[in-house]
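# Report on the structure
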Amino acid sequence: MRLTTALLFAAVLGASAPAMAEKLGIDRIYDNPALSGPTVMGLKVAPDGSRVTFLRGSAQDQYRMDLWEYDRKDGALKLLVAAATLEPHGEHLDAAERARRERERTAMYSGILDYHWAPDGKAILFPLNGKLYLYRLDAPDGKAIEQLPIGAGFALDPKISPKGRYVSFIRDQNLWVYDLRDGKLRELTNDDGTIHDGEAEFVAQEELDRHTGYWWAPDDSAIAFERYNDAPVPVAERFEIYADHTEVVKQRYPYAGDPNVIWQLGLISPQGGAPRFIDVPAQAEYLARVDWLPSAKALTYQWLARDQKKLELVRVDAATLAQQTLVTETSKTWVDVNSDLRFLKDKPEFIWASQRSGWNMLYLYADDGRLLHPISTGAWHIDNVLGVDEKQGLVYVSSNRDFVPDRQIYALRLDGSTAAAPLRISHRPGTHLASFAPDGSFYVDTFNSPEQPPQVSVHASDGQRLAWIEQNQLDAAHPYWPYLKDHIQPEFGTLEAADGETLYYRIYKPLHFDPAKRYPVFDTYYGGPHAQSVTDTWPDLFNEYMAQHGFVVFTLDNRGMARRGRAFADAVYHRFGKVEVQDQTTGIDWLRRQPWVDPARIGVFGWSFGGYLTVMMLAQDSAQLAGGVAVAPVTNWRLYDTVYTERYLGTPKENPEGYRLSSVFPWLKGLPSHKLYLVHGMADDNVLLQNSVELMSALQNQGTQFRLMTYPGAKHGLSTPAQRKHVFHLIADFFRRQIAGDCGETCKASAAAAGQRK
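Residues numbered from 1 in each chain as written. Predicted model: local features only at pLDDT ≥ 70, side-chain atom pairs only at ≥ 80, totals over all residues. Heavy atoms only, no water.

UniProt annotation of "domain: Dipeptidylpeptidase IV N-terminal" (unreviewed entry) refers to residues 120–454 when read in the numbering used here. With 2% helix and 47% strand, residues 120–454 has end C-alpha atoms that lie 31 Å from one another. (UniProt positions renumbered as here; feature names shortened; annotations may be inferred. Helix = DSSP H or I, 4+ residues; strand = E, 2+ residues; numbered from the N terminus.)

Let us look at the sheet that holds strand β44 (residues 707–711). Read across the sheet, eight strands follow the order β37-β38-β40-β39-β41-β42-β43-β44 without closing on themselves; strand pairing throughout is mixed. The sheet terminates laterally at β37 (491–496) and β44, the two strands that pair on one side only. Direction aside, the axes of adjacent strands within the sheet are offset by 20° on average. Here five bridges tie strand β41 (residues 597–607) to strand β42 (residues 627–631), and the two strands are oriented parallel to one another. Pairing of Gly-606 across the sheet is with Ala-630, part of β42. (Pairing = 2+ DSSP bridges. Axes fitted to C-alpha atoms, helices over the stretch in contact; angles between N-to-C directions.)

Before going further, it helps to examine the environment of Glu-69. Within the secondary structure, Glu-69 is located in strand β3 (residues 64–71). With 430 residues separating them in the primary sequence, Glu-69 and Asp-499 have C-alpha atoms 51 Å apart. Those residues in contact with Glu-69, other than ones at most four positions away along the chain, are Arg-51, Val-52, Thr-53, Phe-54, Ala-76, Leu-77, Lys-78, Leu-80 and Leu-137. A polar contact of 2.7 Å, which involves the side chain of Glu-69, links it to the side chain of Arg-51. (Contact = heavy atoms within 4.5 Å. Polar contact = N/O pair within 3.5 Å; in protein donor to acceptor, adjacent residues only side chain to side chain.)

Burial of helix α10 (residues 642–649) is extensive: eight of the eight residues sit out of reach of the surface. Residues Thr-642, Val-643, Tyr-644, Thr-645, Glu-646, Arg-647, Tyr-648 and Leu-649 constitute the buried set of α10. On its buried face, α10 is in contact with α5 (202–207), β21 (286–292), α9 (609–620) and α11 (656–662). Between the side-chain oxygen of the N-cap and the backbone nitrogen of Val-643 there are 3.2 Å, and the N-cap of α10 in question is Asp-641. (Buried < 20%, exposed > 50% of the residue type's maximum accessible area, 1.4 Å probe, protein only.)

This part takes up the pairing of strand β7 (residues 123–128). Most of β7 is tucked away, with six of its six residues classed as buried. Because side chains alternate across β7, one face comprises the buried residues Ala-123, Leu-125 and Pro-127, and the other comprises Ile-124, Phe-126 and Leu-128, equally buried. Where strand β6 (residues 116–117) lies against β7, two bridges are found, and the strand directions are antiparallel. Its bridge partner lying in β7, Trp-117 is registered against Ile-124. The loop that links β6 with its antiparallel partner β7 comprises five residues; one of these, Gly-121, has a positive phi angle of about 75°. Linking β7 back to strand β8 (residues 131–136) in an antiparallel pair, the connection comprises two residues, with Asn-129 at a positive phi of about 55°.

Here we come to the side chain of Ser-533. Examined against the element boundaries, Ser-533 turns out to sit in the loop between β39 (519–524) and α6 (541–548). Accessibility expressed as a relative area gives 17% for Ser-533, which makes it buried. With sequence-adjacent residues up to four places away left out, Ser-533 is seen in contact with Arg-506, Tyr-526, Thr-555, Asp-557 and Met-561.

What follows is about the packing of aromatic side chains. Summed over all chains, the structure comprises 45 aromatic pairs. Aromatic pair Tyr-63 and Tyr-109: ring centres 6.2 Å apart, planes at 55°, arrangement tilted. Here Tyr-63, found in the loop between β2 (51–57) and β3, pairs with Tyr-109, found in the loop between α4 (95–104) and β5 (110–111); they are 46 residues apart in sequence, far enough to count as distant. According to the relative accessible area criterion, Tyr-63 is buried, its value standing at 8%. (Phe/Tyr/Trp six-rings, centres within 6.5 Å; stacked < 30°, edge-to-face > 60°.)

Below, the structure is given as structure tokens:
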């Protein structure tokens, strides 16, 4: 099937692509309009299933998002709200919102980034520039948008209550409610200083994928909220250096081994009054998740121990606050937190995801905590629960069961009868990201593959396509059309790790590939936990650019990475930078044996954990590498946060040797001069600039020459188009000069001019 699709794509190219293809350029990758077609994100199905709403980049700016709808009845697409009409002069974000976008990886976007359906399906709540708006679908043109009178100040994390009476939000570290019925605004909590109400603390957002700190009861009767005190967390003073000024930022950042926030979980009425606080266990270091049962008579919370080897699901009676532990998960290494808890509405049962078997599987429990039976079994990985159809007795999941780089949709019976053999719903090879209707009766599929940029379609629950929302055809009107003839298809393969594990790789061979020639290599990876880089997806267009400019582009997923089961992930426990380097070296050894690779011209590139891995690779395996670029690398794991670092390494007190050997510094004697290009944002609040400063000092003290680029005002992702263009020009130029031995067009032009002057 995969070969047939590739051949068909090649035939289409030969028959219809432009005769003179334009050359893909780095600037064009980040310019408007988006080369991959319309950017669609934030897909949601209306509560009554009549509409699908989504966010899409505007025609003028692919990074500014507008709110759209697709009407299932007549198939019409309609722009509901253009962000520029409400904020024509752009946005002015407060520090809390900027930090929140960094945590959610949306810092490069503007406009409408979040919205919530009213439960009756007649209105949509959305924030913009700190203000809150209601879009009423049944209002006449010109009167559909209402700005809510919530007073001055920046509103964060807004929600509309499950019954639709209230709008809630966070402002100035406190929880507020606006009553849509009587128009009253209430500040439910009134704390300041180090006390935060209704917010998620830094590590919860960054490392536990929890971006909210409050949760409505299904009947609007109460709000569960987190109150945390971050006074115990040490204050890290750091400089954020901008082009025109420098800010001294005092950020409460819990380095590995440091104290975390002290948290409480409370219940409060939307009408106000004193909160009631739940008595949580002393060993509950982290609040991982909070969920209400459908009846609103009880809620659950999940807490995680400091060493992350124990997680408990606890039920709380909303009236009495009496507690019962429903599920306890333990691990010899760490327990992964997920968002797959689903309480059934028609039965007193719930779905629970666990890796206790070594693979992420689903289990059905009674509401009193009794395990009823497994819903899935086997040596395969479930990514997450997509939807539940209780009437049909089905749960829909995402998985790479049939091909590791893929992401497909499967159905499992709740009664466990299909546990070992789920029904595959999606069939096109590639990556399917599904948003199911609340009742599981249909879903919206965002699909992409190496030959198809993202397209959005509506499907029946059995996988049958019903309609297109965004077909995104690669025809003459598509922005990528001028570059289509030079589009390169990847090849996938496997290698064997030292312990026998299978390692997947993806490779793009250069444009007009000639097996008789020897090519330089652009080896790009991430390498860290909870990620997968070798995916069957529409390419990162910079990889396409490098392949079109004569590089073999290679990516390998090493042990420790995601979607491969616990044995594969646990290989990095208590030590970073060992098996990752071994596996990446296995990939480089394989490349060096290929007759079409020049073994003297192999370079490496990585960002964040990948940047760390680049430094480790150059330090431990420099003889096989011509050089590498490390962007925003962690260099000293004592400088990273508690949740992430201690999950894998434990605390510095418990595992001092693991921390020492996991840092780059014991290995730097092996890093030769002129092989490293170091890059870091000067306002990075995730991987602090101090990581690179310590590395600079160590390299200078030992006399190792290196190149350096810093970006004023830039956070971890270098998120502005200008920064992105600059850094990828830098990377491409380094690989042309340092790895391929080509001094570049500017250099050649200067040499030619010098020759003429002579």
